[in-house]
Amino acid sequence: MQNDLRFPVIHHFAVSNYQLYPGDSGQGFSYDVKSGVNIVVGVNGLGKTTLLNLLLKLIAGPSQIQAAAGLGMGSREEGRSVARFFSARVKDAAATATATATLGFGDRTLTVTRKLTNLEITYLKIDGIESSEVNAEAYENRFKSGVLQLSGLQQFYDYLLLVHFIFFFLEDRQALVWDEDAQAEVLRVLYYNPTSQITYRDLYNKIAQFDSEIRNTQAVLSRHEKKIQIELLKRADDTSARELKSLHKTLVSLKDSMSVLEEKTDALNNNRIAYRDQVEALRVERETKVSKARSMHEEYLRTEFAAAEHEALYAVASVISERGCIFCGSHTDRARAAVQQKLDVHHCPLCDAGPSEREHPHDHQSNDKLELLAAAQVFEVQAEDSAEQISRVDALIQKVSDQYQTSMGKLIEQRKQHQEVQLQIKILESGLPKDADEIKDLQEKLLGFRDLLDYSKQEKAEAEAALASIVDPGEAIVADMAGAIIRRFKEYITGFMAETCTLQYDVREKKIGQGPSTVKFRFPGFSVRLTSGVFKDEAANRLSSNDVSESQREFIDLAFRMSLIAEITTRSAAMMVVETPEASLDSVFVPRAGTMIRQFLQVAENSSNFLIASTNLNREAMIPALFGVIPETEALQYAKENNRTEFEARAIQSVPSEERTTRMINLLEIAAKNAALIKYEEEYKEEFHKAVFPSWEKFDVVLESVK
């Protein structure tokens, strides 16, 4: 089950003396965030993105997660954002500008005020108690400890992780659903044993640190070994020198040869694994086609033999579709031919009764029946093709496996030769003079580096074993919760996408760091499967955000985040701050997108989540969609049917018109006017009114328009 955590909800925020948002008074503005939908609306250049980033920095401070190109497998440490982000956007460098937010964590509160010049805290109150700290660093540390105290999280890094990857969905967002490493970390925070969270991070960073040290030490060790070889050769007699040179040359040659063989062996092994995966996929595909053929046969038999029970139909269909006899398990062509022969003349496959002897005779040549048989034949042909492909790939597997065994045998032999040459070199070097100070110094350093290397490897191995004892049971907990997350995702995404989109729970076995390691950790995660014009019947894995369209990418990731929030915040409300990705949508999908986002709001009958969403004044009607206004196409259809009852039942689900402007941060009014707003202010105000109070939500108006 999920951990007992409380997540931040912004209940109030205010901006003072910031030139970008002068407000009505010229000094700024404030806003009380309502339960449900809150909309930041404006036109390009008025500061929608800046305002959402301001909210982010208010609740996160100058710390951030470094994940522009994915979280990666490096150390889990806080980064620092550009503290002067806001001062660079105004003429006075935000000299006296501040921003304040009151956050709720369940029934507990935190109020913070920050300078917009550098994000330093000037005021902090936690659970009604004001803090008085000696300097900015102390204020920031008290803020972090307060957040952990109120949220139940164990470390501020985890708080940043959730804010960045779940609660804020901004312009520069990294898609969580396609970032395996970020998913593993988020799921760890939400589901792993709370007492192990700090230990997990310490062990993870320790492994990453020792991985780096091992690689660096190995590089230094190699350089010192080469220096010693050169110095020893200088002091050797001609015979020993020639022999050592020859052995070192042989050693280099063996290393090069082993490197090539290792690469070849790895490639062959990867090919072998890929072919096995291909065979498995083909077997699944063949089984699917056989199953579909059986379904077609079963449907045909149902129309042919109306009195037959389902079990009988299934049994006969299984025989003729190559699934075999469900009674004895045989797959003989003789049995299939015997049954098919009776069916070809429309006789009962069990008692051999002819058409005239049946209780319910049917038209044997109807188009529907012929189409079913034709469809079954198509699936059977496809199944046969899959079977032939399986045979071909099986042959490739055998061929590549033989090549792999041969290559591995050569590699093992060369490794033995390499060890023998190393031993010969060691014996020769032991008989050379070693009294030179430089050689002694190098050898001492060499011993030190070898000791350090052994120590680092031992420490890394111990940390890996300890981390595995945390990751394995944590993954098991996530696996138990995966079904609920998958079902929730389906609820959200089904209303938005025409294609079938599903989540699949996966375990990703990955090492930590870049160096060689035999230890792989079982990190939990989810992958996306999606149908398309090519994959109409079966959803295909979409392993990268590049495998889907822009709008699909945005809303699949949004639905995934909402699914996680819905599953982890069952006892209190949650918040999302969303920069609505409307630019990637056409007019058909805008209402669907609004519906999906609004689904997130409903927690229980008398409880709602909080949503702060920014949107542009444009033709796409995202504002009505966010307010739950009936889509224009639906309104027109009800009007054409003169169905006032259904129209009004649907229309009543929207936010009441008298509430809407109270749920909006209207940048047309509170932001500094740019050239476009000065020139077209009246037109923008008219567009604003049309978006907030669309004419099509009034039945009589729509009815008149369709007459």
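This text goes with the structure placed above it.
Everything quoted here is computed from the prediction, not taken from an experiment.

A.B. asks: Outline the nonpolar core, supporting the account with residue identities and numerical values.
C.D. replies: In a soluble, globular protein the nonpolar side chains are often hidden away together inside. Judged by nonpolar contacts, the single largest core of 154 residues is most densely connected at Phe13, Tyr18, Leu110, Phe168 and Ile556. Contacts of Tyr18, omitting those with residues within four sequence positions, involve Thr50, Phe86, Arg89, Val90, Ala94, Ala97 and Leu116. Judged by nonpolar contacts, the second largest core, of eleven residues, contains Tyr300, Phe305, Leu343 and Leu372.

A.B. asks: Which residues make up unusual backbone geometry, and what values go with them?
C.D. replies: Within the chain, Ala94 stands out as a residue other than glycine whose phi angle is a positive 55°. By the element assignment, Ala94 lies in the loop between strand S5 (79–80) and strand S6 (98–105). Given a relative accessible area of 0%, Ala94 falls into the buried group. A positive phi angle is found at Leu119, which is not glycine, with a value near 70°. With respect to the secondary-structure elements, Leu119 resides in the loop between strand S7 (108–115) and strand S8 (121–126). For Leu119, a relative accessible area of 2% gives the class buried.

A.B. asks: Lay out the sheet that holds strand S3 (residues 36–42) with the relevant residues and their values.
C.D. replies: Sheet architecture is open: five strands sit in the order S10-S14-S17-S3-S18, paired in parallel fashion. Looking along the sheet, the strands with just one partner apiece sit at the ends: strand S10 (168–169) and strand S18 (664–666). When strand S14 (residues 575–579) meets strand S17 (residues 610–616), the two strands line up parallel, connected through five bridges. Paired with Val578 across the strands is Ala613, a residue of S17. Sheet strands in contact with helix H1 (residues 48–60) are S3, S10, S14, S17 and S18, and its direction is about 155° off that of S17.

A.B. asks: Describe in detail the sheet that holds strand S13 (residues 540–542), supporting the description with residues and values.
C.D. replies: Spatially, S11-S12-S13 is the arrangement adopted by the three strands of the open sheet, whose pairing is antiparallel. Strands with a single pairing partner mark the edges of an open sheet, and in this sheet they are strand S11 (501–510) and S13. With direction set aside, neighbouring strand axes in the sheet form an average angle of 45°. Pairing geometry for S11 and strand S12 (residues 521–530), over ten bridges, is antiparallel. Within S12, the position partnered with Leu503 by the bridge is Val528. Sitting on the sheet, helix H4 (residues 180–191) touches S11 and S12, and the angle it makes with S12 is about 115°.

Cut-offs applied
- Residues numbered from 1 in each chain as written.
- Predicted model: local features only at pLDDT ≥ 70, side-chain atom pairs only at ≥ 80, totals over all residues.
- Heavy atoms only, no water.
- Core = buried A, V, L, I, M, F, W, Y, C linked by side-chain atoms within 4.5 Å.
- Buried < 20%, exposed > 50% of the residue type's maximum accessible area, 1.4 Å probe, protein only.
- Contact = heavy atoms within 4.5 Å.
- Helix = DSSP H or I, 4+ residues; strand = E, 2+ residues; numbered from the N terminus.
- Pairing = 2+ DSSP bridges.
- Axes fitted to C-alpha atoms, helices over the stretch in contact; angles between N-to-C directions.

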